[in-house]
Amino acid sequence: MLQGWVILLVAFAYLGVLFAVAYYGDKRAEARRSIIANPYIYALSLAVYCSTWTFYGSVGRAASTGIGFLPIYLGPTLTAALWWFAMRKIIRISKAYRITSIADFIANRYGKSQLLAGLVTVIAVLGVVPYISLQLKAISGSFTILSNYPNVVMPSQAVAQSFANNTALYLALMLAAFTILFGTRHLDATERHEGMVAAIAFESVVKLLAFLVVGAFVTFGVYRGFGDIFRLAQQEPSLRPLMTVPDTSGNYTSWGFLILLSMLSIFALPRQFQIAVVENVDEDHLRKATWLFPLYLLLINVFVLPIALGGLMVFGPGVDADTFVLTLPMAHQKEAIAAFAFVGGLSAGTGMVIVETIALSTMVCNDLVMPVLLRWKSLRLNERADLSRLLLLIRRCAITGILMLGYIHFRAAGEAYALVATGLISFAAVAQFAPAMFGSLYWRGGTHAGAIAGLSGGFAVWAYTLLLPSFAKSGWLPETFITAGPLGISLLKPQELFGLTGMDEISHCLFWSLLANVGLLVGVSLLGRQNANETEQATLFVDVFRRTPALERSAFWRASASVADLLPLIGRFLGPDRARESFLAYARRRGMASLDDLSADRDLVAFAENQLAGAIGGASARVMIASVVQQQAPGIDEVMNILDEASQVRAYSRQLEQKSKQLEEATSELRAANKALQELDRMKDDFVSTVTHELRTPLTSIRAFSEILLDDPEIRLPDRKRFLATIVKETQRLTRLINQVLELAKIESGSAEWHTTELDVKDVIRESVETTSQLFRESRIGIFTAFDGEVLPRVTADRDRLMQVLINLLSNAVNVCRPGEGRVEIRLGISRNFLRVDVRDNGPGIAAGDHEKVFEKFRQVGDTLTGKPRGTGLGLPISRRIIEHFGGRLWVESDLGEGATFSFTLPLPRPPADSDVTVAQAAG
Amino acid sequence: MGKRILIVDDEPNIVTSLEYLMKREGYEVQIAVDGEAGLKAAAGGAPDLILLDIMLPKMNGFEVCERLRGDPRCRGVKIVMLTAKGRQADTARGMAAGADLYVTKPFSTRELVAQVKQMLG
């Protein structure tokens with residue numbers, strides 16, 4: 001026997017369990033060991049979509065339209081595939097900008113407009129109230145039915161009619177209390193309710209199990225499986241149409257619109273937004289949800305048709321098909337199953353009501369009440385130290401208020417509509433959010449005015465074509481309003497607007513309302529102009545994946561405010577402790593130990609606004625922050641300037657980077673050049689110093705002997721002669737030195753004049769030998785040339801300079817040879833490309849280590865006291881430069897004690913190609 | 001008298017002129033043509049004054065001077081450095097090496113003789 005108190009006990013016990021789950025969830029969340037941080041809980045909580053509409057209504061719908069209950073589930077199933085793109089973007093945006101409701105979302109996108117937020121809130125509340133009333137109706141109905149167990153009595157025919165109504169009132173109050181407990185125990189900037197989500201996931205499991213149990217009971221307990229039911233139903237002519245899709249165009253239209261409607265609703269329903277977006281912990285959870293959620297929908301729909309057909313066959317027309325889930329087990333005296341079905345329905349209803357009213361209360365509080373209160377100067381809210389209690393109070397009142405509205409709607413229109421029909425009215429209302437919402441994701445061009453116009457237009461059409469007719473059907477308006485149109489104007493008949501017929505009322509409403517909505521949104525947007533705020537927000541929304549939100553956002557805030565200004569402000573809304581905590585956490589994230597270290601920059605302002613946005617909504621938050629930072633909203637020009645500036649700065653920094661790289665390169669080149677210059681300078685300094693030394697040495701002798709001769713006229717004649725000869729020799733040496741220094745300088749600087757001609761090297765050698773013959777004779781050194789009569793190719797060279805080289809080599813040879821024993825030989829050689837001249841002596845030779853040194857300037861190797869006039873130390877360096885100028889090479893080969901051979905080469909002119917031509921002809 | 005002077009230079013004509021000048025003043029003259037020979041002659045011949053060139057084969061004048069100053073037998077000897085190197089740094093280095101006088105080539109024979117006379121007192 002199911003007495004009223006037993007049912008109440010079961011109901012409270014169930015709600016108690018639910019609350020325990022929620023409490024546990026909250027505790028775990030506080031301990032930072034969240035139980036909802038996994039994709040399965042997320043997917044299950046999304047099943048809050050399945051309310052009593054699904055639990056009871058689907059069967060009712062199926063009993064009248066067959067598979068007509070399906071579009072409502074096909075829509076979300078189809079959209080689930082797109083969640084990864086659209087829903088993830090919504091989540092990303094909402095997390096980035098602390099968006100806590102759909103009103104906040106839409107208002108944020110269109111320039112953080114309070115007006116828009118308010119409008120969305122009003123539409124949401126008005127639109128959703130019927131939906132809540134249907135939950136009240138279903139639950140209170142199920143209570144009434146169950147309390148009449150084992151008799152199956154419809155609530156409308158129940159003896160205690162007033163009691164049923166009172167049940168709904170008590171239920172509404174109880175749900176309000178429960179929701180307040182769930183949702184408004186404290187205030188959180190993120191508006192997340194972990195415990196609630198856990199409870200919702202739990203209730204989703206319960207309602208699914210309950211429905212499956214009832215379905216299995218009907219299918220396998222009452223009948224013998226699916227085949228049995230469908231076979232029996234097939235025999236009833238009245239049931240046959242339910243198993244096929246009526247082949248009319250209107251029906252397909254209806255299917256199409258219902259699918260579209262449910263596709264939009266899964267995004268736009270406040271409770272779906274709350275669960276899918278606000279309560280989302282990790283956007284990766286969407287991946288699993290995209291198949292888990294459709295799977296859930298499939299499971300909960302498997303038994304809909306069997307139950308509907310079974311109910312129709314068992315009861316006939318006397319029993320409301322919306323109650324089959326409950327009444328079928330009752331008719332078969334299955335108390336436990338009936339009770340479980342009741343719990344399932346209760347579960348579905350409470351889940352929906354809790355989430356929906358929490359979502360709506362947040363919106364009402366943040367976007368409707370607070371903006372008004374904050375503007376109400378005489379309330380002096382700005383001066384109140386802690387507004388968090390006020391915020392909670394407003395939300396609690398809003399929850400109660402919304403449930404009361406649901407109750408009133410239930411009383412007024414309760415019996416006129418089936419569950420699903422009531423639900424669809426709500427769907428059509430919230431579907432009006434979709435254009436502005438999706439527009440905000442993908443269209444930069446939408447304007448605030450466009451969004452207001454679209455929403456208002458769509459909502460007005462919805463009210464006219466769906467809400468007012470529902471009033472008419474409930475008797476609040478004359479029936480003729482529907483049948484003849486207002487004032488008898490048939491074109492304005494609300495359900496056949498402008499003569500559009502052949503559609504069911506939902507399709508009809510959706511067609512006109514979305515047409516008006518999208519048309520106005522696009523039209524007004526294109527005609528109007530975005531202000532700076534809207535442009536800013538549009539960019540932030542559309543490009544959310546491409547941005548690092550925190551940084552970009554702060555870039556737009558040009559003002560600054562100190563912690564001393566911001567902390568009390570946030571504290572007023574979040575409570576001083578909570579605010580202080582979050583500021584501290586922010587400081588720590590930035591690597592600072594205390595609040596005093598926080599700099600008053602744009603980031604801090606943005607952070608504060610984010611915090612506040614969570615509590616009172618983005619639009620109000622901006623107003624509140626602006627009141628502290630004394631900053632005017634930037635005008636379009638300023639934003640353009642900022643953007644311009646930003647891109648310029650970027651370009652400039654790129655240039656700067658480039659330039660600094662170039663500069664670095666230039667610096668290192670300069671450093672190398674400077675080093676080379678310093679080296680050159682040092683070498684030049686050394687050179688000058690050496691030249692000076694070399695000049696001073698003969699000068700010293702000249703001066704000394706001159707003074708001796710001058711001071712002492714009595715000097716003996718041989719001495720006098722000797723001294724004078726020395727003076728002459730040293731003077732010659734000096735002259736030679738000066739000439740050679742100058743010549744070397746000319747050759748090195750490239751300013752020497754060259755008179756190149758074609759010449760026979762043998763001639764030059766002969767001439768050089770002739771020139772130095774006196775030297776050789778004096779030293780009694782033999783000179784031999786090992787060539788005669790050979791015809792040599794002519795070479796290109798400067799005759800005088802070539803001779804200078806040869807004379808230098810010959811004089812050096814004479815100088816190193818011992819007089820009387822010396823022998824110098826000149827040889828000629830010829831190779832493919834070069835002519836080679838060797839000057840060989842039989843002097844002391846040069847150590848291998850000194851072979852290159854003899855070619856250095858002023859470097860003289862070997863015994864210096866030979867009694868011979870010394871060289872200048874420049875002969876060989878100059879000779880080498882001359883030969884190199886001709887394209888040849890000058891070097892020495894020698895061993896100590898073996899004499900030395902100085903050799904040089906001169907390039908031969910390229911041989912003519914005659915030989916090649918001959919070969920070619922022979923081959924040809 | 002019989003004061004002894006050691007000439008260390010590798011330039012024969014300069015040696016000749018210095019030898020003539022010093023002998024004319026009545027000094028005994030010894031000659032060395034490179035640094036090592038100069039060092040040896042200074043140790044062996046116990047000269048009163050050394051005319052020391054800097055750019056010498058085998059061991060340069062600075063080093064010869066430093067070594068002489070480090071040798072107790074030669075501590076009293078007067079050293080006159082003769083150099084064709086005119087840079088200030090060279091002068092400074094010569095004085096640091098312990099020379100009594102630093103004379104730049106070409107020099108005035110009269111002045112040089114006068115200074116040598118003065119130094120030998």
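Residues numbered from 1 in each chain as written. Chains lettered and ligands numbered in written order. Predicted model: local features only at pLDDT ≥ 70, side-chain atom pairs only at ≥ 80, totals over all residues.

Peer 1: Quick question: what am I supposed to make of the overall build of chain B here?
Peer 2: The helix and strand tally for chain B stands at 5 helices and 5 strands. The order of α-helices and β-strands along chain B, N terminus first, is β-α-β-α-β-α-β-α-β-α. A burial count over chain B gives 45% of its 121 residues as buried. Considering only residue pairs separated by 6 or more positions, chain B has 59% of its internal contacts joining residues 24 or more positions apart. (Helix = DSSP H or I, 4+ residues; strand = E, 2+ residues; numbered from the N terminus. Buried ≥ 20, exposed ≤ 12 C-beta atoms within 10 Å, placed from the backbone. Contact = placed C-beta atoms within 7 Å.)

Peer 1: What is the right way to read the overall build of chain A from this model?
Peer 2: Within chain A one finds 34 helices and 7 strands. Burial statistics for chain A: of 924 residues in total, 46% are counted as buried. Put simply, 81% of the contacts in chain A that link residues at least 6 apart link residues at least 24 apart.

Peer 1: How do you make sense of the nonpolar core when you look at a structure like this?
Peer 2: Side chains that are nonpolar tend, in soluble globular proteins, to be buried together. If you look at the biggest cluster of nonpolar residues, it comprises 203 residues, and the most contacted ones within it are Ile106, Val120, Ala308, Val325 and Ala428 of chain A. Per-element tally for this core: the top contributor is helix H16 (residues 335–375) of chain A, with 22 residues. With residues near it in sequence (within four places) discarded, Ile106 of chain A still touches Leu116, Val120, Phe433, Ala436, Met437, Ser440 and Ala451 of chain A. In this structure, Phe723 of chain A together with Leu52, Phe62 and Leu68 of chain B belong to the second largest nonpolar core, which totals 37 residues. (Core = buried A, V, L, I, M, F, W, Y, C linked by C-beta atoms within 7 Å.)

Peer 1: Looking at this structure, I do not really get the sheet that holds strand E2 (residues 782–785) of chain A. What am I missing?
Peer 2: Strand pairing in a sheet is mediated by backbone hydrogen bonds. Such pairs are either parallel or antiparallel. Residues and elements named next belong to chain A. Across the sheet, 5 strands lie side by side as E2-E4-E5-E7-E6; this open sheet has mixed pairing. Looking at the sheet topology across the chains shown, the edges are occupied by E2 and strand E6 (890–894). Pairwise comparison of adjacent strand axes, ignoring direction, gives a mean angle of 20 degrees for this sheet. Here 7 bridges tie strand E5 (residues 834–840) to strand E7 (residues 900–907), and the two strands are oriented antiparallel to one another. (Pairing = 2+ DSSP bridges. Axes fitted to C-alpha atoms, helices over the stretch in contact; angles between N-to-C directions.)

Peer 1: Sorry, what's going on with the interface of chain A and chain B here?
Peer 2: Reports often express the size of an interface as the amount of accessible area lost when the parts come together. On the chain B side, the residues contacting the 17 residues of chain A number 19 residues. Those elements giving two or more residues to the side of chain A that touches chain B turn out to be helix H29 (636–711) and helix H30 (717–749) of chain A. Per-element tally for the side of chain A that touches chain B: the top contributor is H29 of chain A, with 13 residues.

Peer 1: When you look at the confidence of the model for chain A in this model, what are you seeing that I'm missing?
Peer 2: Note: predicted coordinates in regions of low pLDDT should not be interpreted at a detailed level. Residue and element names in this part refer to chain A. Within chain A, residue pLDDT values average 79, and 84% of them lie at 70 or more. When the criterion is pLDDT under 50, residues 157–163 qualifies, and its contacts beyond four places in sequence or with other chains add up to 4 contacts. In the predicted structure, residues 548–558 sits below a pLDDT of 50 and forms 20 contacts with residues beyond four places in sequence or in another chain. (pLDDT = per-residue confidence, 0-100.)

Peer 1: Sorry, what's going on with the environment of Ser594 of chain A here?
Peer 2: Looking at where Ser594 of chain A falls in the secondary structure, it is placed in the loop between helix H26 (576–589) and helix H27 (602–616). Residue classification places Ser594 of chain A among the exposed positions, given that 9 C-beta atoms sit within 10 Å.

Peer 1: Just checking my understanding: could you explain the packing of helix H1 (residues 4–30) of chain A against H16 of chain A for this structure?
Peer 2: A pair of packed helices can be characterised by two numbers: the angle between their axes and the separation between those axes. Residues and elements named next belong to chain A. The contact between H1 and H16 brings their axes to 10 Å, and the two run at 50 degrees. Our classification of the angle between H1 and H16 gives oblique. Of the two elements, H1 crosses H16, and the hand of that crossing is right-handed. Judged by residue contacts, Ile7, Val10, Ala11, Tyr14 and Leu15 of H1 engage Ala339, Phe342, Val343, Leu346, Ser347 and Thr350 from H16. In terms of residue class, the contact of H1 with H16 is built from 9 nonpolar, 2 polar and no charged. (Parallel < 35°, antiparallel > 145°, perpendicular 65-115°, else oblique. Left-handed = near helix turned anticlockwise from the far one by under 90°. Nonpolar A, V, L, I, M, F, W, Y, C, P; charged D, E, K, R; others polar.)

Peer 1: Got a minute to help me understand the confidence of the model for chain B in this structure?
Peer 2: Overall, the prediction assigns chain B a mean pLDDT of 86, with 98% of residues at 70 or greater. Scoring of the predicted complex yields 0.56 for pTM and 0.92 for ipTM.

Peer 1: Sorry, what's going on with the packing of helix H2 (residues 39–46) of chain A against helix H9 (residues 194–222) of chain A here?
Peer 2: Residues and elements named next belong to chain A. For the pair H2 and H9, interaxial distance at closest approach is 8 Å and the crossing angle is 70 degrees. In terms of their interaxial angle, H2 and H9 are classed as roughly perpendicular. Here H2 contributes Ile41, Leu44 and Ser45 to the contact with H9, which in turn contributes Val197, Ala198, Ile200, Ala201, Ser204 and Val205. A class-by-class count of the residues in the contact of H2 with H9 yields 7 nonpolar, 2 polar and no charged.

Peer 1: Would you mind going over the sheet that holds strand E1 (residues 4–8) of chain B with me for this structure?
Peer 2: All names here are of chain B. Ordered by their spatial adjacency, 5 strands build an open sheet running E2-E1-E3-E4-E5, and the pairing between neighbours is parallel. The two strands at the open ends of the sheet, each matched to only one other strand, are strand E2 (28–32) and strand E5 (101–104). Along the sheet, successive strands turn relative to each other by an average axial angle of 20 degrees, direction set aside. As defined by bridge partners, E1 adjoins E2 across 5 bridges and the pair is classed as parallel. Residue pairing across strands places Leu6 opposite Gln30, the latter belonging to E2. Contacts from helix H1 (residues 12–24) reach E1, E2 and strand E3 (49–53) within the one sheet, and its direction differs from that of E2 by about 165 degrees.

Peer 1: How do you make sense of unusual backbone geometry when you look at a structure like this?
Peer 2: Trans is the prevailing form of peptide bonds, just as negative phi is the prevailing case for residues other than glycine. In the segment running from Lys105 of chain B into Pro106 of chain B, the intervening peptide bond is cis, with an omega of -10 degrees. Checked against the element boundaries, Pro106 of chain B lands in the loop between E5 and helix H5 (109–120). The phi dihedral of Gln333 of chain A falls on the positive side, at around 55 degrees, and the residue is not glycine. The backbone of Arg780 of chain A shows a phi angle near 50 degrees, a positive value even though the residue is not glycine. On the secondary structure map, Arg780 of chain A appears in the loop between helix H31 (761–779) and E2.

Peer 1: I'm lost on the pairing of strand E4 (residues 78–83) of chain B in this one. Help?
Peer 2: All names here are of chain B. Taken across its 6 residues, E4 has 5 buried, putting it largely inside the fold. For the handedness criterion, the β-α-β arrangement of E3, helix H3 (residues 61–70) and E4 is classed as right-handed. Looking at chain direction, E4 and E5 are connected through 4 bridges and run parallel. Bridge pairing links Val80 to Leu101 in E5. (Right-handed = clockwise from strand over helix to strand, strands pointing away.)

Peer 1: In this structure, what is going on with the environment of Val122 of chain A? I would like to understand it.
Peer 2: All names here are of chain A. Mapped onto the fold, Val122 is located in helix H7 (residues 114–147). On the basis of neighbour count, Val122 is assigned to the partly exposed category, with 17 C-beta atoms found within 10 Å. The spacing of Val122 and Ala103 is 19 residues in sequence and 9.5 Å in space, taken between C-alpha atoms.

Peer 1: Honestly, the environment of Phe834 of chain A in this entry has me stumped. Any pointers?
Peer 2: Residue and element names in this part refer to chain A. With respect to the secondary-structure elements, Phe834 resides in strand E5. Measuring from C-alpha to C-alpha, the distance between Phe834 and Leu906 comes to 5.5 Å, with 72 residues separating the pair along the chain. Excluding anything up to four places from it in sequence, Phe834 contacts Gly888, Thr905, Leu906, Pro907 and Leu908.

Peer 1: Would you explain H31 of chain A in this entry?
Peer 2: Given 3.6 residues per helical turn, the α-helix brings residues three or four places apart onto the same face. All names here are of chain A. For H31, with 19 residues, the first-to-last C-alpha span of 26 Å sits near the 27 Å given by 1.5 Å per residue. Bending of H31 peaks at approximately 50 degrees at the position of Thr772. For H31, the set of buried residues is Val761, Ile765, Ser768 and Thr772. Of the residues one or two after H31, Arg780 is the one with positive phi, at around 50 degrees. (Expected span 1.5 Å × (residues − 1). Bend = angle between axes of the 7 residues up to and from the residue.)

Peer 1: Explain the pairing of E7 of chain A here, please?
Peer 2: Working note: regular strand, side chains alternate between the two faces of the sheet. Here E6 of chain A pairs with E7 of chain A via 5 bridges, running antiparallel. Counted as the bridge partner of Val892 of chain A is Phe902 of chain A from E7 of chain A.

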